[in-house]
Amino acid sequence: MNPLPHLLRLAVSLLAGACLPDALRAAADSEPTIITSDHFDMRSTETETVTVFDGHVVVTATGLGLTCDYLEVVSARIGDKEDTIGKQDRFKSLIAVGHVRIKQGEREAECDRAEVRPREDMITLTGNPVVTDRGNGTVAKGDPLIMLRNERRVRGTNVTITAPSLKDLGFDPKQ
């Protein structure tokens, strides 16, 4: 079994699921997005909003769970420039640091740092990342693991892939 299609599915799934502002605009039949943390700071410029959650960060959303020690979300700002905190629009980046765990269905990623850049269709996992798909029994380790959705590509350094056993492809001595 080639584990790459499963890792690509996980990468696409994580990329789609980790886009926090999209989750905040979820359809009415979806679960609300709930974020808890010890500390919170949101600040805006005329063009973007930076939101920081610090300490015991927990995000639950439709089909997505994220925990970490620190989370920074940068989104484009639209609307009235005089508002203290402007309306958030497109998600620019998400950086999760410290004991990061992203869970979506049977797929899970753990690492020390996850950087999501949706405009580049890229997720970079560093700090001993482990990506597990319990649905197909694959585990990928490497540092870093980089998932590129548009290219349908996963790449890494010092990689170890564990997959279910392959059918015996040995040779038949009678032939």
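Every chain is numbered independently, its residues counted from 1 as its sequence is written. Where totals are concerned, whole chains, interfaces and linings use all residues; where local detail is concerned, this predicted model gives features only for residues with pLDDT of at least 70, and gives and counts side-chain atom pairs only at 80 or more. For side-chain calculations, the full set of non-hydrogen atoms in the structure is used, while hydrogens and water are omitted.

1. So, the overall build of the protein chain
Working definition: helices are DSSP H or I runs of at least four residues, strands are E runs of at least two. Numbering for both runs from the N terminus. Within the protein chain, the secondary structure is distributed over two helices and 12 strands. Beginning at the N terminus, the succession of helices and strands in the protein chain can be written as α-α-β-β-β-β-β-β-β-β-β-β-β-β. For the exposure calls, accessible area comes from a 1.4 Å probe over protein chains only, and a residue counts as buried if that area is under 20% of its type's maximum, exposed if over 50%, partly exposed in between. Taken across its 175 residues, the protein chain has 39% of its residues classed as buried. Approximately 10,000 Å² of the protein chain is accessible, and the part contributed by carbon and sulfur atoms is 51%. Accessible areas in this description were obtained via Shrake-Rupley with a 1.4 Å probe; residue shielding takes into account the shown protein chains only.

2. Looking at the environment of Gly135
Assignment of secondary structure puts Gly135 in the loop between β8 (130–133) and β9 (138–141). As a C-alpha pair, Gly135 and Arg107 span 28 residues in sequence and 7.4 Å in three-dimensional space.

3. Overview of the side chain of Thr124
Relative to the helices and strands, Thr124 is located in strand β7 (residues 122–126). Throughout, a contact is declared for two residues whenever any of their heavy atoms are within 4.5 Å. What Thr124 contacts, discounting residues up to four positions off in sequence, is Arg113, Ala114, Glu115, Pro144, Leu145 and Ile146.

4. What to know about the state of the cysteines
Disulfides are defined as pairs of cysteine sulfur atoms found within 2.5 Å of each other. A complete count under the given rule lists zero disulfides for this structure. As a non-bridged cysteine, Cys68 has Cys111 as the owner of its nearest cysteine sulfur, 9.5 Å distant.

5. Some details on unusual backbone geometry
That bond from Asp143 to Pro144 is cis: its omega, 5°, falls within 30 degrees of zero. On the secondary structure map, Pro144 appears in the loop between β9 and β10 (145–148). Although it is not a glycine, Asp121 sits at a positive phi angle of roughly 50°. Relative accessible area serves as the criterion here: at 8%, Asp121 is assigned to the buried category.

6. Some words on the pairing of strand β4 (residues 64–78)
Here strand β3 (residues 48–61) pairs with β4 via 12 bridges, running antiparallel. Across the sheet, the residue bridging to Val59 is Leu66, located in β4. Here a strand pair is declared whenever DSSP counts at least two bridges between the two strands.

7. Quick look at the confidence of the model for the protein chain
Scored between 0 and 100, pLDDT is the confidence that the predictor attaches to each residue. Looking at the protein chain, the pLDDT average stands at 80 and 77% of residues meet or exceed 70. Here residues 1–28 is a poorly scored stretch, pLDDT under 50, and it has 66 contacts once near neighbours within four places are set aside; other chains count.

8. Things to note about the pattern of salt bridges
Any Lys or Arg side-chain nitrogen located within 4 Å of an Asp or Glu carboxyl oxygen qualifies as a salt bridge. Enumeration over the complete set of coordinates arrives at eight salt bridges. Ionic pairing is found between Glu115 and Arg117, a salt bridge with its closest N-O pair at 2.6 Å. Glu115 sits in the buried class, given a relative accessible area of 19%. Classification of Arg117 as partly exposed rests on a relative accessible area of 24%. The salt bridge partner of Arg153 is Glu151, with a shortest N-O separation of 3.1 Å. Judged by its relative accessible area of 36%, Arg153 falls in the partly exposed class. Taking relative accessible area as the criterion, Glu151 reaches 49% and is therefore assigned partly exposed.

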